[in-house]
Structures are given as C-alpha cells and as structure tokens.
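Close look at the chain arrangement
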Amino acid sequence: QVQLVESGGGLVQTVGSLRLSCAASGSIFRIHAMGWYRQAPGKQRELVARITSGANTNYADSVKGRFTISRDYAKNTVDLQMNSLKPEDTSVYYCKALITTAQTMDVTLHWGQGTQVTVSS
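This section reports on the structure supplied with the text. (Residues numbered from 1 in each chain as written. Predicted model: local features only at pLDDT ≥ 70, side-chain atom pairs only at ≥ 80, totals over all residues. Heavy atoms only, no water.)

1. Quick notes on the overall build of the protein
We count it as follows: Helix and strand labels come from DSSP, where a helix needs a run of H or I of at least four residues and a strand needs a run of E of at least two; each type is numbered from the N terminus. The cut-offs for exposure are 20% and 50% of the maximum accessible area for each residue type, with area from a 1.4 Å probe on protein chains only; residues under the lower value are buried, those over the upper are exposed, and the others partly exposed. By the convention used here, residues are in contact when the closest approach between their heavy atoms is within 4.5 Å. Using a 1.4 Å probe, accessible areas were evaluated by the Shrake-Rupley method; residue-level cover was limited to the displayed protein chains.
Along the protein, the regular secondary structure elements total zero helices and 11 strands. Going from N to C terminus, the protein has its helices and strands arranged as β-β-β-β-β-β-β-β-β-β-β. A buried classification covers 42% of the 121 residues belonging to the protein. Nonlocal contacts in the protein, meaning residues at least 24 apart in sequence, comprise 56% of its contacts between residues at least 6 apart. Total accessible area on the protein stands at roughly 6,400 Å², and carbon and sulfur atoms take up 49% of it.

Below, the structure written as structure tokens:
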C-alpha cells in the first residue's frame, strides 16, 4: 500500500504565504512525477504544479511566479511554496504521485486526501 499525506493548509489573508507538504510512504520502489492539483467548489480539478523525477517543473499560468514546487527525493516528499496568495487560490489542494510499487512493480497513480487552503480578501 502507498499513502500520500498532505499538510500545511489553512486560512491566510490576501498576499500572504503558505507552504504545503506531501509525504509518500509505503511500498514504494520508485516515485516518478509528483504534483499538486486543486479543486474549488463547482469546478474541475486542475493542475497547479508538477515536478518529474528529473526535476523538470511546469506550472499553471495562474500561479507562475508566485508558487514554487520542490521535491526531496530522499524523503519522498514534495512541497508547494505559495506566495502572494489571492482569494481565487482558495481550493482544496491535492497531492498526486505516479509510483512504481515495490510489491508488484506496477506503475500506479495515487492521490492524497486533500488540504483546504482559504485566502481571505
């Protein structure tokens, strides 16, 4: 079994900052891409940022220059530093990882449980 556990969400004022963290644990052989997605009420889940095993990154246009994704490959974690937050960033943020599991060597997609980020104006 593989688990992704997020932390770091909360309530912040406009132009404030938050840092989200996601830790992967369990039967892991290799983690490929990791990323952060978000979903606001009534909207589809959307990519925020992702980072590959080779440290290539890509960001949604709406967060470029404000958010930074990073990984600790030894600890199997991925962080999202969010600066200059806006009310429209309010969403549930989900961690996602593409993982080769150690037990079966299957490549499977995993999601965290989500963490709420609320930006007040």
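2. Let's talk about the nonpolar core
Stated precisely, the cut-off is as follows: The term nonpolar core refers to a set of buried residues drawn from Ala, Val, Leu, Ile, Met, Phe, Trp, Tyr and Cys, joined through side-chain atoms within 4.5 Å.
Membership of the largest hydrophobic core comes to 28 residues, with the highest contact counts inside it found for Trp-36, Val-48, Phe-67, Val-78, Leu-80, Met-82 and Tyr-93. Residue assignment for this core shows that the elements contributing at least two residues are strand 1 (2–7), strand 3 (18–26), strand 4 (28–39), strand 5 (46–51), strand 7 (67–72), strand 8 (77–82), strand 9 (91–101) and strand 11 (115–120). Excluding residues within four positions of it along the chain, Met-82 makes contact with Gly-16, Ser-17, Leu-18, Leu-20, Arg-66, Phe-67, Tyr-93 and Val-117.

3. Things to note about the pairing of strand 3
Quick note on the threshold: For two strands to be treated as a pair, DSSP must find no fewer than two bridges joining them.
In this structure, strand 1 lies alongside strand 3, joined through six bridges in antiparallel fashion. Following the sheet pairing, Leu-4 is matched in strand 3 by Ala-24. Relative to strand 8, strand 3 runs antiparallel, the two being bridged by six bridges. Note that in strand 8 the partner of Arg-19 across the bridge is Gln-81.

4. Overview of the pattern of salt bridges
The condition is simple: In the sections that follow, a salt bridge refers to a side-chain nitrogen of Lys or Arg positioned within 4 Å of a carboxyl oxygen of Asp or Glu.
Counted according to the given criterion, the structure contains five salt bridges. Among the salt bridges present, the one from Arg-19 reaches Asp-79, with a minimum N-O distance of 3.2 Å. Taken as a pair, Arg-19 in strand 3 and Asp-79 in strand 8 lie far apart in primary sequence, 60 residues in all. Overall, the relative accessible area of 41% leaves Arg-19 in the partly exposed class. The partner of Asp-89 in a salt bridge is Arg-38, with the nearest N and O atoms 2.9 Å apart. Highlighted residues: Asp-89 in the loop between strand 8 and strand 9 and Arg-38 in strand 4, separated in sequence by 51 residues. Here the two residues Asp-89 and Arg-38 agree in accessibility, since each one is buried. Each member of the salt-bridge network shares a partner with another, and the members are Arg-38, Glu-46, Arg-66 and Asp-89.

5. Quick notes on the environment of Cys-95
Positionally, Cys-95 belongs in strand 9. Distance in space between the C-alpha atoms of Cys-95 and Ser-7 is 9.9 Å, their sequence separation being 88 residues. In this structure, Cys-95 is in contact with Leu-4, Glu-6, Cys-22, Met-34, Gly-35, Trp-36, Val-78, His-110, Trp-111 and Gly-112, ignoring residues within four places of it in sequence.

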